[in-house]
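Spelled out, the chains give:
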Amino acid sequence: MQKKYKKGAAVNYISRNQALRKLQLTLSDFRRLCILKGIYPVEPKNRRKANRGRLANKTYYLAKDIRFLTHEPIIDKFRQMKSYLRRLTKARARKEKTREQALRNNRPFYKLDHVVRERYPSFADALRDLDDCLTLVFLFANFPLLKKLYEPRLRLCRRLSVEFLHYVIASGSLKKCFISIKGYYFQAEIRGEIITWIIPHKLGHKNPADVDFKIMATFLEFYTTLLGFVNYKLYSEHGLIYPPKLTFTPTTSSSTLCSEDEFSDEFLASLGLPIMKKPELNPVDRIEIDQEAAQLLGDTVADEDARKKEEEAKTLQNLFSKCKFFISREVPREMFAFAIRACGGDVSWDKTMCAGASYDVSDQSITHQLIDRPKLHDMAVNRVYVQPQWIFDSINARKLLPVDNYLPGSVLPPHLSPFVEEKEGDYVPPERFGQRKPDNDIEEQTTNEVPSIDLVNSNAYLNGSLKRKRTENEETAPKITTKEERKRAMRVESGQVQ
Amino acid sequence: MTSVKRKDSSTSTDETDSDEEVPSNTIGSDIPLKWYENHDHIGYDLDAKKILKPISAGKTDDIDEFLEKMENADYWRTVYDDLTGQNITLTNEDIALMQQVKNAKTNPDDQVYEPWLDTFSSEVMIHPIINTPESKASFIPSKWERLKVGKYLHAIKMGWIKPVPPKEDPLLSNNYDLWSDEPKTNLPRSNIPAPKLELPGHHESYNPSVEYLLDDAEVEALKTKMESDYDENERQTKTIFVPKKYSSLRQVPVYDQFVYERFQRCLDLYLCPRQKRLKANITNINDLIPDKPKPQDLHPYPIVQSLIYEGHKNMIRCLTCHSSGQWLASGSDDCTVRIWEIATTRCMNVFQFDKPVVSLQWNPVLSLLTVATGSQILMINPKLGENAKTLFTEEFVKQLSYDASNNDDCQWSKTSDETDKYIRLTITHPIPVRQIEWQARGDYLACVLIPRSDQSQSKSILIHHLSKGRSQYPFKQLKGAVQNVRFHPTKPIFIIATQHSIKIYHLLKQQLIKRLYVNTKWISSIDIHPLGDNILCGGYDSKINWFDLDLSVKPYETYRYHKRAVRCVRYHTKLPLFASTSDDGTCIVSHCSVYSDLLKNPLIVPVKILRGHQIINDLSILDCLFHPTQPWIFTSGADSTIRLFTN
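For chain B, an unreviewed UniProt entry supplies the name Ribosome biogenesis protein BOP1 homolog and the organism Rotaria socialis. UniProt, in its Sequence similarities (unreviewed entry) section for chain B, records the words "Belongs to the WD repeat BOP1/ERB1 family."

As annotated in an unreviewed UniProt entry, chain A is BRCT domain-containing protein from Rotaria socialis. The record held by UniProt for chain A lists under Subcellular location (unreviewed entry) the comment "Nucleus, Nucleolus".

All names here are of chain A. For the pair helix 10 (residues 130–141) and helix 11 (residues 151–171), interaxial distance at closest approach is 8 Å and the crossing angle is 125°. By the criterion of interaxial angle, the relationship of helix 10 to helix 11 is oblique. For helix 10 against helix 11, the interelement crossing comes out left-handed. Between helix 10, through L130, L134, V137, F138, F140 and A141, and helix 11, the contact on the second element is made entirely by L154, C157, R158, S161, F164 and L165. Of the residues contributing to the contact of helix 10 with helix 11, the split by class is 10 nonpolar, one polar and one charged.

All names here are of chain A. Taken in spatial order, the three strands of this open sheet run 3-4-5, and their pairing is antiparallel. In the strand order of this sheet, the two ends are held by strand 3 (174–179) and strand 5 (193–200), each with one partner. Between one strand and the next, the sheet's axes are offset by a mean angle of 15°, whatever the strand orientation. Direction of pairing for strand 4 (residues 183–190) relative to strand 5: antiparallel, over a ladder of eight bridges. Considered in strand 5, the bridge of Y184 is made with I199. Contacts from helix 17 (residues 389–397) reach strand 3 and strand 4, with the element oriented near 140° to strand 3.

To continue, consider the pairing of strand 21 (residues 493–498) of chain B. Residues and elements named next belong to chain B. Counting buried residues in strand 21 gives six out of six residues, a clear majority hidden from the surface. Bridge count between strand 21 and strand 22 (residues 501–506): five bridges; the pairing is antiparallel. Paired with I496 across the bridge in strand 22 is K503. Between strand 21 and strand 22, which pair antiparallel one after the other, the connecting turn spans two residues.

Quick notes on the rules
Residues numbered from 1 in each chain as written. Chains lettered and ligands numbered in written order. Predicted model: local features only at pLDDT ≥ 70, side-chain atom pairs only at ≥ 80, totals over all residues. Heavy atoms only, no water. UniProt positions renumbered as here; feature names shortened; annotations may be inferred. Axes fitted to C-alpha atoms, helices over the stretch in contact; angles between N-to-C directions. Helix = DSSP H or I, 4+ residues; strand = E, 2+ residues; numbered from the N terminus. Parallel < 35°, antiparallel > 145°, perpendicular 65-115°, else oblique. Left-handed = near helix turned anticlockwise from the far one by under 90°. Contact = heavy atoms within 4.5 Å. Nonpolar A, V, L, I, M, F, W, Y, C, P; charged D, E, K, R; others polar. Pairing = 2+ DSSP bridges. Buried < 20%, exposed > 50% of the residue type's maximum accessible area, 1.4 Å probe, protein only.

Here it is in structure tokens:
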């Protein structure tokens, strides 16, 4: 007779303590290993069966996963690290300087290349899992360089994040962006994979109390390795030189006191300048699609959608191609420089604000200036002054929105999330229609005729020298209703109230 | 009660012999005081009279002590001197000195920083202090040092001591393509991906529309709900999010829960038990259709015509490429085989035969180019590439010995170096040969013959065993004219394409495994995927069938994108590509990603139509061949040229 608990759930699952005993690791080492190798607990279909009839609350892992962990070379490195630390403390206590130095020189380290390959056998797998990786790397890139957080890794985070942003700019794969209270959400489509990440607001840093940075650092260790490889692959497949280089070498003026490398790194990090491409005969991004071949399998609805999508992507890539932006110093420069450049625009800022400024505020060809203060005293006539939200709203609407609502000092229209996909019966804020409707009456004047009379008027109005006329456009703007009315409408449509 | 007021040192010297001066200690410091404990006196004066102890000195009772404490302002600085038996009031100087000692400080009056007088070098003397001559040993190089250096030198020479390898920075070592070779296998474990982060809604905006803002009551309700949901056993991951409206971007503060939320996400990723959901949550049926990949993502594949190999006089029927990717051989109807250097289009060698060349293939292991012409199969050692391989092939052929009596139908004959420079082996059949195909390990050669009408079809397939020199007809009976045969790339499996069907045989078990139903009228060519799970089949009625052997015996896909008869279908050995050539003068390259995950369908997308060959007598491209390593394709055509298309 078959004995009970010899096969099935009882042997397929293994509790955490059993796993620790099997691997002969401490709990903290086991957790580190699980983070690096991407091993997670699983919920057995039947807890009682997995626990051989007992009903205790336990964490279960797949026995196969744990068996797979036993062969991991990193475990050995953990042990080496432990004995290294023991030796080091001993040498330090005995004040054996040479021994301590020799030990430090031979500090054991492990590489995670094989782990990345194991967890993501193909590049597409890696891209699929990039959301968390990017968000964490961007978070750490925005941290102050504290000793406590292992400064070289923070620098690495900064470098990797800048590299990734440069790739998104170069490939024009930015799809959506959103300013939230939490930070800036960006969404890009890379090789058919939708990738979303958050960049926190860059305003000071408060050390949170109930956060274990050790765990985050372990995650970061893996994520930086992963992102390094992903960046390399993305760059090499897109025909870009990795690590990224600027198309020109910034001349070190006598006033700068840093080395040339740091100087060009700063230029690179400013995101304002294009990066170098590999000299290739057939760069991948310029390969023409063989339309004939594409249609061999026949036209389907999906093809039509794909074509529409591609057209949309193209318009988005060239959305700001006719515009030239200047970012005032009160606007978060990096996010807006990235968003503008990803949509094909030119951008610059004050020279004293950051390296990489390519033109001055007095440049006559500037079409838009982003300002975030109620009033500016000396305004140029031939450019539009807009609040930064206009950039994000325009990108999400896939067209240049009319600037009327975004003039400095004016009450901004609500900033809506582009990630919400309304289904039938959902509540849709009335402002949504204004942005979504393709055949909207409000059409932005094409930017080549920017110094139009309207513009002059509105600027003059802002300067206080002219009274603003009511234009017809304002008639079509969504009806302003009270907060209560709108709230009620929201509840009714979402089914809360009859 | 008596007490002595100590005077300052400066004044005390003046009044040493005043009458009030109480006699000082005369007993000496080394006489223990307890000797006088029971006496009234303590010591003697110069006249040998006893010095009486001061009355009750140091032996006051508590009340006196208290009164003294209350009345005497200097009580705190009064100490009892054992030697004299008197109370002494300390001076300010004494207290300062005591404090100095206590604080381990020097007296400021002491000269700590006196100028240093260098006894030896300040005054240079004319005579040396020590005048002994230097020892002999100081002139001779040290023997022990020499031995030590010699030891190190020897160790370096022997390679025992190595220079310290340059330190590798683990942070900066990822400058290479990790995914350069596409995966052969998927994860060995079941993988449950973590759910993605929730995307933000309108209420998370820095400037939401007013209806998303919460009243105080609503915030309260949210908080109470949060508290009621609180469970001690569960980790708290959620934070209360209250929407806020800022009138401009500059007013948005930093979100103080950000790091905490990221941390919670990290914890979720490695602590939360995951469970596979078998029921998919599909809202839109169109989500099931995968997006078509962009052509950029399918790169690399051949795009442009780069080289033309000219020299043949008649149509070129067959191509083969050396495994090194350096040489190309082509067989033509002008009865020649030409070997080309791929990079330069230089014709390295020409072999002339009597009959048109119908098929040729390079041996995968040895340096043997196998050519089928008329009813003969010739093996040529073209002496190209690695010298070692060429010599090994020579030796290998030399040590082969054939028993002529074994082979009734075909004649094996070796040709030595003297008679012919290149041709090494000849196998002569009674009937003409249609196709030859080497097995992947290069020992077996399958050969398709064209039997005469009076012969049985079973005579149409012959397998030669090169190292044994044996030939055999593996099939006793066969139906239908055999068009094409292929060996499975890894397993002992043999695939035969007859006019209407494809049969797959296991060679060791000697049985039919599968029979594929083809929906073409006349098969022209087949090829097997390098992983061995998919078969491509082209037909003269311009159809191409893709079979997934794990799936079904019926075609997985049928393509009709050629306008005329399909002549040749080929897979790339390394990259996910296949190509088909047709009489309409086109060669269509398609991307085909095959997944070992059985649930995932292969992704097949035509990516490029290659043109270039002229159409002569309704024939255009007859054969195509992928480069063994690069994403390049060779096409040979009726216009007696070979063209190379590169990426």
